[in-house]
Amino acid sequence: MTSRHILLLGPLLLLLGAAYLVPFLGVMQWSVTLPEPGLGQYRTALTDPLVLGVVWRTLRICALVTVLSVAAAYVMTLVWVRGGPVARLVVELCILIPFWISVLTRAFGWLALLSNKGLVNGWLQTIGIISEPLTLVRNEFGVVLGMVHFLIPFAVFPLASSMRAVDERVLMATRGMGASRARIFWQVFVPMTKSGILGAVLLVFVFALGFFVTPAILGGGRSVMVAELIYLRIFQSPDWGLGAAISVILMIAVGALLALMLRQTKGAAR
Amino acid sequence: MIQLRPGPIPLILAALIAVFLLMPLIAVIPVSFTPNRYLSVPDAEWSLRHYRSLIDKPVWAEGIWLSIRIGLVASAVATALATAFALGIWMLQPRFAGLLMGLALLPMVAPPVVSALTLYFFLITLSKVNGIVAYDTWAGVALAHAVMIAPFAVVLISVALSQLDRRIDLAARSMGAGVLTRVFGVILPNIRFTLLTALFLTFVLSWEEIGVTLFITSVNAVTLPRLMWMGLRDNIDPAIAAISVVLIAIVVAVILGKTLWQLRKAK
């Protein structure tokens, strides 16, 4: 350790240590001391039917959201990487514009579309298909749509790098040997981009697990997910110990998934 | 070599997904012109009242100004610390560089809600000893944002440094340049574009931050996203539609401008 080390590396590490690492230890301490010392809150978090119900809903929504957003992102990336110049530009704009718009604005956009007096119900009523507005939001359907919308751009980046790495000559060879477009896609192209798909799946799933804003707005308190449950246990029906215990479990789960992701990318690099 | 282009099926699917991605952003526009006090689509009469209320009600200007101030401070602090850290890793190549890097990126990879709870703990603890950098103060929010956005600056700057030719630094050193000259005269000028990008990205991230802000503010430090959140939860205020249209228009204008500029440059 020289003075240069301290001068350059020190400030950021000091900030993160003081404002993040130590307070996280404090949160861990809450989880084993509030309201009484012991592992009682972890027992509650792992056995209480209400908490388990929320965990189960979170996993179910995250799995569905991951499949839908990676599939949609795969199509978009395919056109972005391999399409003609116009298609490329259009896809790029459709990914970049939502990417830079805040999660609140995007969630609000879904409310404008799907709420009882929103655009979709308005159209359906004008055409006369329905007489009463459909409940499209403030439920799981709205949450899934909003989350998929938020996560598609994030899934595009790992997919794009793996699609760019595909060797063009392999595709030409299969084409030359008479394979159909569908066969080239499913049996050659998709397997060759497997590492990108796995990376995108893990990334989106990890993001989705800790998601808070979109489910809170579009779920309207009716389909609470883990992150919102933590918020509620801290601010609305306070049980700080339980909120802290769930946070610690969530952190461990995400850490394990990230370790898996790191191993995967290292394996792919080899 | 002729590249195999995507066929009609992926193109049609991509067009549908593009509509899906843009639809909620477009839907905000008609709603923002509603004459009613509640979220609705205007049928006969279009009104500018919700745009007026953005100007007439001082809360909006206060929220915007607070978010700008917090964003400027947080992005400056985060970029400065991240630059020093990335330089340290690149120049000194310390032992356990991987571990240090992992630590620096922690707030970016941890679930946002866990970060929020952690920073809430941090700020309420600080509140017991001072009233300036504390829970529900602008300085507290700026510090918490700096923690959350610094990892993004670290990533950007580290990538730029890894692409920088080490020999220019070695050349400067062998000709007798001191550390300060090497850093400020040679290395930083070479990555100045990335430094500006990092400042800009971290500013935008702080400007739209809501997950952490929700935990660490209540009634005093009401940033623009916090204000929008309050108008979104129960009775939806159509003024949110008006501010959303403004925000979307800015993003679209910047991205279109940048794309056009790149297209012209490519010609």
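Residue numbers here run from 1 along each chain, matching the order of that chain's written sequence. Think of it this way: whatever chain is written first is A, whatever ligand is written first is 1, and the rest follow in order. Since the coordinates come from a predicted model, pLDDT governs what is reported: local features require at least 70, and pairs of side-chain atoms require 80 or more to be given and counted, while whole-chain, interface and lining totals use all residues.

1. Things to note about the overall build of chain A
Strands here are runs of E lasting at least two residues and helices are runs of H or I lasting at least four, both read from the DSSP assignment and numbered beginning at the N terminus. Check the secondary structure of chain A and you find 13 helices and 0 strands. Across its three principal directions, the C-alpha atoms of chain A cover 70 × 70 × 35 Å. For the exposure call, what matters is how many other C-beta atoms sit within 10 Å of a residue's own: 20 or more marks it buried, 12 or fewer exposed, and in between partly exposed, using C-beta atoms placed from the backbone. For chain A, with 270 residues in total, the buried portion stands at 44%.

2. What to know about the UniProt feature "domain: ABC transmembrane type-1" (unreviewed entry) in chain A
Per the UniProt entry, the sites bearing "domain: ABC transmembrane type-1" (unreviewed entry) are residues 55–261 of chain A in this numbering. Span residues 55–261 of chain A is 80% helix and 0% strand, its end C-alpha atoms 22 Å apart. UniProt positions are given in the numbering used here, feature names are shortened, and annotations may be inferred rather than shown by experiment.

3. Comments concerning unusual backbone geometry
In this chain, Leu34(A) is followed by Pro35(A) through a cis amide linkage whose omega measures -10 degrees. Note on placement: Pro35(A) falls in the loop between helix 1 (3–33) and helix 2 (40–47). With a phi angle near 40 degrees, Gln93(B) is a residue other than glycine that sits in the positive phi range. In this structure Gln93(B) comes out as exposed when scored by C-beta crowding, with 8 C-beta atoms within 10 Å. Positive phi, normally seen in glycine, also occurs at Phe96(B), with a value near 60 degrees.

4. Considering the nonpolar core
What we call a nonpolar core is a set of buried Ala, Val, Leu, Ile, Met, Phe, Trp, Tyr and Cys residues whose membership is set by joining through C-beta atoms within 7 Å. In this structure, Met76(A), Ala82(B), Leu117(B) and Leu119(B) are the most contacted members of the largest nonpolar core, which totals 153 residues. Look past the residues within four positions of Leu117(B) in its chain and what remains in contact with it is Val27(A), Ile230(A), Ile234(A), Gly243(A), Ala244(A), Ser247(A) and Phe215(B). Residues are treated as contacting if the C-beta atoms built from their backbones sit within 7 Å of each other.

5. A look at the interface of chain A and chain B
On the chain B side, the residues contacting the 71 residues of chain A number 69 residues. The leading source of residues in the side of chain A that touches chain B is helix 1 of chain A, at 15 residues. Note on residue classes: Ala, Val, Leu, Ile, Met, Phe, Trp, Tyr, Cys and Pro are nonpolar, Asp, Glu, Lys and Arg are charged, and everything else, Gly too, is polar. Residues belonging to the side of chain A that touches chain B are distributed by class as follows: 51 nonpolar, 13 polar and 7 charged.

6. Here we look at the packing of helix 2 (residues 49–56) of chain B against helix 12 (residues 239–266) of chain B
Residue and element names in this part refer to chain B. At a minimum axis distance of 8 Å, the contact between helix 2 and helix 12 shows a crossing angle of 85 degrees. Classed by the angle they form, the pair helix 2 and helix 12 counts as roughly perpendicular. Touching His50, Tyr51, Ser53 and Leu54 of helix 2 are Ala239, Ala241, Ala242 and Ile243, all from helix 12. A class-by-class count of the residues in the contact of helix 2 with helix 12 yields 6 nonpolar, 2 polar and no charged. All axes here are fitted lines through C-alpha atoms, helices being fitted over the stretch that makes contact, and every angle between N-to-C directions spans 0 to 180 degrees. Here is the rule for angles: anything less than 35 degrees is roughly parallel, anything more than 145 is roughly antiparallel, 65 through 115 is roughly perpendicular, and the remaining ranges are oblique.

7. Quick look at helix 11 (residues 224–233) of chain B
All of the buried residues along helix 11 of chain B are Leu224(B), Pro225(B), Arg226(B), Leu227(B), Met228(B) and Trp229(B). Packed against the buried residues of helix 11 of chain B are helix 5 (103–114) of chain A together with helix 3 (58–92), helix 10 (211–216) and helix 12 of chain B.

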